[in-house]
Amino acid sequence: MGESPSGASCAKLAKNGNETAAAIFQQVGEYLGKGISYYTNILDPEAVIIGGGVSASLDLLMPGIRRSMERYTFAQMKDVPILPTALGYEAALMGAVAIAV
């Protein structure tokens, strides 16, 4: 019996050389990069911080993200740093708790 479908299991396959899984991360990275480029063009952030489960696979997503950033971001904003959160997988939960407290 195989693993249940999830982002983590797809990442594991991609890191083990599965071409279909790698292509999925490539496409998702391009979509994510397109969204980040729009955000960057409008707000000109100093950095973009990626959290949650996505940050665990940022190495697989980054080539697609950078490709889209190169294509869709204004020239002076193309090199904005894209970093994983230092808070780990529970970053959103920690933020929600901080707001509630």
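Here is a short report on the structure shown in this document. Residue positions are given per chain, counted from 1 along the sequence in the order it is written. Only residues with pLDDT of 70 or above have their local features reported here, since the model is predicted, and side-chain atom pairs are shown and tallied only from 80 upward, although totals for entire chains, interfaces and linings are computed over all residues. As a rule here, side-chain values come from all non-hydrogen atoms in the structure, and water together with hydrogens is ignored.

**Brief notes about the overall build of the protein**
Only DSSP runs of H or I with at least four residues qualify as helices, and only runs of E with at least two residues qualify as strands; both kinds are numbered from the N terminus onward. Scanning the protein for helices and strands turns up five helices and two strands. Dimensions of the protein, computed from C-alpha atoms along their principal axes, come out at roughly 45 × 40 × 15 Å. Exposure categories follow from relative accessible area, calculated using a 1.4 Å probe and restricted to protein chains: below 20% of the type maximum is buried, above 50% is exposed, and the middle band is partly exposed. The buried share of the protein, taken over its 101 residues, is 32%. The contact rule is simple, with two residues in contact once any of their heavy atoms fall within 4.5 Å. In the protein, 67% of the contacts between residues at least 6 apart in sequence involve partners at least 24 apart. For the protein, the exposed surface amounts to about 6700 Å²; the carbon and sulfur share of it is 62%. Only four residue types enter the tally: Lys and Arg on the positive side, Asp and Glu on the negative side; His and the chain ends are excluded. Each charge is placed at NZ for Lys, CZ for Arg, CG for Asp and CD for Glu. The averaged location of the 9 negative side-chain charges in the protein is 6 Å from the averaged location of its 7 positive side-chain charges. For every accessible area listed, the method is Shrake-Rupley and the probe measures 1.4 Å; residues are considered covered only by the protein chains on display.

**A word on the packing of helix H2 (residues 19-43) against helix H4 (residues 58-72)**
The axes used here are C-alpha line fits, helices contributing only the stretch in contact, and every angle between their N-to-C directions lies in the interval 0 to 180 degrees. Here H2 crosses H4 at 45°, and the two axes come no closer than 6 Å. When the interaxial angle is binned, H2 and H4 end up oblique. When the axes of H2 and H4 are compared, the crossing they make is right-handed. Across the interface between the two elements, Phe25, Gln26, Val28, Gly29, Glu30, Leu32, Gly33, Lys34, Ile36, Ser37, Thr40 and Asn41 from H2 touch Leu60, Leu61, Pro63, Gly64, Ile65, Arg67, Ser68, Met69 and Tyr72 from H4. Residue polarity is assigned by list, with Asp, Glu, Lys and Arg as charged and Ala, Val, Leu, Ile, Met, Phe, Trp, Tyr, Cys and Pro as nonpolar; anything else, Gly included, falls into the polar class. Across the contact of H2 with H4, the residue classes tally to 10 nonpolar, eight polar and three charged. Comment on the angle field: the value is read as roughly parallel under 35 degrees, roughly antiparallel over 145, roughly perpendicular from 65 to 115, and oblique elsewhere. Note on convention: the crossing is left-handed when the near helix lies turned anticlockwise from the far helix by less than a right angle, right-handed when the turn is clockwise.

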